[in-house]
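Structure assessment
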Amino acid sequence: MSKLLYGIVFALAFILVSANIGYELIDAVSTWNLSNYIKIFKSFGKRIVQFDMFTVLLTGGIIGVLYVVLKWLYQLLFVPMNRVRLIEEVGYIREVDRMSKKDMANLVQKRKNMGKPPPVYPNGWFAVAESRDLKKGESKSYSILGLDLAVFRGADGRAHVIDAYCPHLGANFAIGGRVFDNCIECPFHGWRFSGDDGKCKKIPYSSKIPETARVKAYNTLELNGFIYVWYHAEGIEPTWQPPEIEEITKGQLVFGGRSEHYINAHIEEVPENGADISHLAQVHGPIMAAGVDLRDTYNRIWEFGKHEWAGEWKQLPEGHIGQLNLTHGLKLFGVHIPVLDMKVQANQIGPGIVYLTFESSIFGKGCYLQSLAPVEPMKQKIVHQVYMHWSVPMCIRKFFLLGEAIQIERDIMIWNNKKYESKPVLTGTMEDQMLAKHRRWYKQFYSENSPTLHQSKKDLSW
Ligand code: FES
Ligand SMILES: [Fe+2]
């Protein structure tokens, strides 16, 4: 619809400017003189006939360029970033020229030595969707943690997550199901199920509702722009909750955009990166301009700039939180630039959530929210949202998100091609000991019935 509108506005502007009647039209409007309008339309007809090709092309060209520039400026200054990279778009090296990126990614994933990874679905809160994706009365289908889920937002605005398949004949609620109050109606025969307890509340052609007509309704929490669902392999109720970030709820920190990436690796690899201090200089040392391909990041062109990181990882007294404290500095031509110093604190809250706050001397406090969830046993979806003070221009907020996305894409190149090393060879240094500490800490998220790769292995190609 908006494209049609753009088209009409563009065509009108083109005709008006080409026929050079813009000024006359403004005159007529300002004087409210009907005879002026008639004159304009008469002369407009004549001029259309008299167009010469050069004027037409020149005018069209000018309007076209103006349109592109204005649209670009509008997007840059007012529209939040949405950077989505599919699995094959990041982190693979094409070995055969004519092979598609997708085939290459598939080949690497199939032949990769998976190692002996821990269970593939740890216990905790995971983002199943982002709040902005689900309007009132809307339902959507998602697959994470080996579960097919229907997510819908009821009439009172609350989000619900239930098993996707109807116990009657197995239709997927989220594919065509309509929402009534806090129930979802199955698109196949119209049975209605409550999002609160999963029980069937209505069968259009039966006054009796079977006792077993119910689906699993998951513990759901909507917080900081995400819809989280609780997963526990033993069926244990939530033992902790992610905290609310008040600056976001109160609108002091505002949205600057999101990025979405997919990773072919075990889920634990991603949080482990936060405790891996020694990779920071190696992978994240080269400046943003050096790009995401690890074969090029050490190109001599970019040697004039360098990120410097120092920090440590520790477990907080709340057992489910691991904390990384970092200081970041930037050197240009060997000179440290103090105004670009930043303090960073990343809280890993359970296996699927990171709230990372940073304090920049120029732009103040900001926050990256990271959600991580397995969409397949060895394939993760990772989303980052950035929030900064409302006074920071949108283009700066987007720049911060781009910086984060570039850094994560470098990590993805490592993750997509590595195996899970269950018995790493570690040094006795503080850096490697933090890795060992992280592995011990992370074990708390696995339990007796957590599914292993072997148990949950489906076809891993796509
Ligand atoms: S399959 Fe859902 S109502 Fe029949
Ligand atoms: Fe990293």
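Note that this is a predicted model, so its numbers are computed, not measured.

For the pair helix α4 (residues 53-78) and helix α9 (residues 394-417), the least separation of the axes is 6 Å and the interaxial angle reads 75°. Taken as axis vectors, α4 and α9 run roughly perpendicular relative to one another. Contact residues: Q75, L76, L77 and F78 in α4; M394, C395 and K398 in α9.

The side chains of a regular strand alternate between the sheet's two faces. By the alternation rule, side chains of strand β1 (residues 81-84) split into M81 and R83, which are all buried, and N82 and V84, of which none is buried. By the bridge criterion, four bridges tie β1 to strand β12 (residues 253-263) in an arrangement that is parallel. Bridge assignment links V84 to a residue of β12, and that residue is E260.

Turning to the state of the cysteines, a few remarks are in order. Counting across every chain of the model gives zero disulfides. No disulfide involves C395; its nearest neighbouring cysteine sulfur is the one of C367, lying 20 Å away.

We now examine a nonpolar patch on the surface. On the surface, V65, L66, V69, L70, W72, L73, Y74, L77 and F78 cluster together to form a nonpolar patch covering roughly 940 Å² of accessible area. With respect to the element layout, L73 can be found in helix α4. For L73, a relative accessible area of 32% gives the class partly exposed.

This structure, assessed with the given rule, holds 15 aromatic pairs. Between F226 and Y228, the ring centres sit 5.8 Å apart and the planes meet at 25°, which makes this aromatic pair stacked. Each member of the pair, F226 as well as Y228, carries the same accessibility label: buried. Just above the ring of F180 sits the side chain of R192; from NZ or CZ to the centre is 3.7 Å. A cation over a ring is seen here: K216 above Y218, with NZ or CZ 4.8 Å from the ring centre.

As annotated in UniProt, the feature "domain: Rieske" (unreviewed entry) corresponds to residues 125-229 in the numbering used here. As a span, residues 125-229 carries 0% helix and 42% strand, and end to end its C-alpha atoms are 5 Å apart.

Moving on, we get to the pattern of salt bridges. Scanning all chains against the criterion turns up 17 salt bridges. E409 serves as the salt-bridge partner of R83, at 3.0 Å between the closest nitrogen and oxygen. Taken together, the residues R83 in strand β1 and E409 in helix α9 connect sequence positions 326 residues apart. Note on R83: relative accessible area 15%, which makes it buried. Exposure remark for E409: the relative accessible area of 3% places this residue in the buried category. Residues D293 and R295 are paired through a salt bridge, measuring 2.6 Å at the closest nitrogen-oxygen approach. Exposure remark for R295: the relative accessible area of 54% places this residue in the exposed category.

Rules and cut-offs
- Residues numbered from 1 in each chain as written.
- Chains lettered and ligands numbered in written order.
- Predicted model: local features only at pLDDT ≥ 70, side-chain atom pairs only at ≥ 80, totals over all residues.
- Heavy atoms only, no water.
- Axes fitted to C-alpha atoms, helices over the stretch in contact; angles between N-to-C directions.
- Helix = DSSP H or I, 4+ residues; strand = E, 2+ residues; numbered from the N terminus.
- Parallel < 35°, antiparallel > 145°, perpendicular 65-115°, else oblique.
- Contact = heavy atoms within 4.5 Å.
- Buried < 20%, exposed > 50% of the residue type's maximum accessible area, 1.4 Å probe, protein only.
- Pairing = 2+ DSSP bridges.
- Disulfide = S-S within 2.5 Å.
- Patch = residues over 30% accessible without salt bridge, like charges linked within 9 Å, V, L, I, M, F, W, Y side chains within 5 Å.
- Areas by Shrake-Rupley, 256 points an atom, 1.4 Å probe, with all protein chains shown as cover.
- Salt bridge = Lys/Arg side-chain N within 4 Å of Asp/Glu carboxyl O.
- Phe/Tyr/Trp six-rings, centres within 6.5 Å; stacked < 30°, edge-to-face > 60°.
- Lys NZ or Arg CZ within 6 Å of the ring centre and 35° of its normal.
- UniProt positions renumbered as here; feature names shortened; annotations may be inferred.

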